[in-house]
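# What the coordinates show
If you want the building blocks of each chain, they are given just below.
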Amino acid sequence: MVTDHLGAPPERTVLSSSAMVAGPALTNRVWRTPTHALILGPAADNGPYGYLTHLQLSCTPLSCGPELPSADDEDGLDDWIATHIDW
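Now for a quick tour of the structure. Keep in mind that this is a model prediction, so the values were computed, not measured. (Residues numbered from 1 in each chain as written. Predicted model: local features only at pLDDT ≥ 70, side-chain atom pairs only at ≥ 80, totals over all residues. Heavy atoms only, no water.)

## A few points about the nonpolar core
Membership of the largest hydrophobic core is limited to nine residues, which are Val 14, Val 30, Ala 37, Ile 39, Leu 68, Leu 77, Trp 80, Ile 81 and Ile 85. Those elements that provide at least two residues to this core are strand S3 (36-44) and helix H2 (74-85). At four residues, the largest contribution of residues to this core is made by H2. For Val 30, the contacting residues outside a window of four places in its chain are Pro 10, Glu 11, Arg 12, Leu 38, Ile 39, Leu 68, Trp 80 and Ile 81. (Core = buried A, V, L, I, M, F, W, Y, C linked by side-chain atoms within 4.5 Å. Buried < 20%, exposed > 50% of the residue type's maximum accessible area, 1.4 Å probe, protein only. Helix = DSSP H or I, 4+ residues; strand = E, 2+ residues; numbered from the N terminus. Contact = heavy atoms within 4.5 Å.)

As structure tokens, this is what we get:
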């Protein structure tokens with residue numbers, strides 16, 4: 001749906017780290033518009049059921065964090081995604 005709405009595929013598709021999700025790895029997808037980052041990916045359940053994982057669509061102004069790291073910088077991508085979904 002996001003791809004259809006924006007008219008472009010995600011700029012990056014990255015497997016989530018085990019620190020961000022309980023259970024099997026899920027996919028984070030990153031789109032950027034001229035002003036915002038859109039990230040669709042897992043979000044930790046901060047409630048009493050800490051083992052649940054939810055999917056979340058985050059829309060963050062790009063001024064809230066650094067530029068998107070290169071595709072081969074896995075730690076940098078994990079940090080960038082965490083920064084943009086937890087602002």
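## Brief notes about empty space enclosed by the protein
Following the criterion strictly, the structure yields one cavity of 30 Å³ or more and no others. Taken as a whole, the largest cavity holds about 30 Å³ of empty space. Asn 28, Ile 39, Gly 41, Pro 42, Gln 56, Ser 58 and Ile 85 together form the lining of the largest cavity. Sorting the residues of the lining of the largest cavity by element identifies S3 and strand S4 (53-61) as the ones contributing at least two each. (1 Å grid on protein atoms, 1.4 Å probe; cavity = no way out; pocket = protein on both sides within 12 Å on 5 of 7 lines; lining within 4 Å. Points joined across faces, edges and corners; volume = space filled by probe spheres on them.)

## Remarks on the pattern of salt bridges
The full count for this structure, using the stated rule, is two salt bridges. Of the charged contacts in the structure, one is a salt bridge between Glu 11 and Arg 12, with a shortest N-O distance of 3.7 Å. Relative accessible area serves as the criterion here: at 16%, Arg 12 is assigned to the buried category. Between Arg 32 and Glu 11 there is a salt bridge, with its nearest N and O atoms 2.6 Å apart. One end of the pair, Arg 32, is in strand S2 (residues 27-32); the other, Glu 11, is in the loop between helix H1 (2-6) and strand S1 (12-15), with 21 residues separating them in the sequence. Since its relative accessible area comes to 38%, Glu 11 is described here as partly exposed. Each of Glu 11, Arg 12 and Arg 32 takes part in salt bridges that share partners, so that together they form one network. (Salt bridge = Lys/Arg side-chain N within 4 Å of Asp/Glu carboxyl O.)

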